[in-house]
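A look at the structure
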Amino acid sequence: AATAMVEYSNVQYLGGTDQVDINNANVQAYRQFPGMYPTAAGQIATHGPYKSVSDLYDIPGLKDDVKNIIKKYEKNLVCLPPSPAYFLDRIN
């Protein structure tokens, strides 16, 4: 049987606040930022892991309009270490 992670110290960055962790948050967490979902959120979730928020601008093929949306909300994005419990489930 699989064991579930009961407590995750960074749960507030998975969509419960205006700060979103780019390594662990699900694409749905980006809905709170107009224009981020689905295109920018999908690009963020399908790439990575990231070492810093600025790594987002290195996503291959990222168009300038998407980069501008990311830039608009950059202060709301954090980059925490990938958690095995959340990293793999980011695009669902």
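What comes next concerns the included structure. (Residues numbered from 1 in each chain as written. Predicted model: local features only at pLDDT ≥ 70, side-chain atom pairs only at ≥ 80, totals over all residues. Heavy atoms only, no water.)

Each helix and strand in the protein was counted, giving 3 helices and 2 strands. In sequence order, the protein lays out its α and β elements as β-α-α-β-α. Going through the 92 residues of the protein one by one, you find that 35% of them count as buried. As displayed, the protein offers around 5500 Å² of accessible surface, 55% of which is attributable to carbon and sulfur atoms. (Helix = DSSP H or I, 4+ residues; strand = E, 2+ residues; numbered from the N terminus. Buried < 20%, exposed > 50% of the residue type's maximum accessible area, 1.4 Å probe, protein only. Areas by Shrake-Rupley, 256 points an atom, 1.4 Å probe, with all protein chains shown as cover.)

A word on unusual backbone geometry. For the bond running from Y37 to P38, omega is 10 degrees, close enough to zero to count as cis. Note on placement: P38 falls in helix α1 (residues 36-46). Between G48 and P49 the backbone carries a cis peptide bond, its omega angle lying at 10 degrees. Relative to the assigned elements, P49 resides in the loop between α1 and α2 (64-72).

Turning our eyes to something else, we now look at the environment of I44. Summarising the element assignment, I44 is placed in helix α1. Excluding residues that lie within four positions of it along the chain, I44 makes contacts with I22, Y30, M36, Y50, L56, I59, I70 and R90. (Contact = heavy atoms within 4.5 Å.)

Our next topic: the nonpolar core. General note: in soluble globular proteins, nonpolar side chains tend to be found buried as a group. Counting 22 residues, the largest nonpolar core has I22, Y30, M36, I44, L56, I70 and L77 as the members making the most contacts within it. Elements supplying a minimum of two residues to this core: α1 and α2. Residues in contact with L56, not counting those within four places in the same chain, are I22, I44, Y50, L62, I70 and L77. (Core = buried A, V, L, I, M, F, W, Y, C linked by side-chain atoms within 4.5 Å.)

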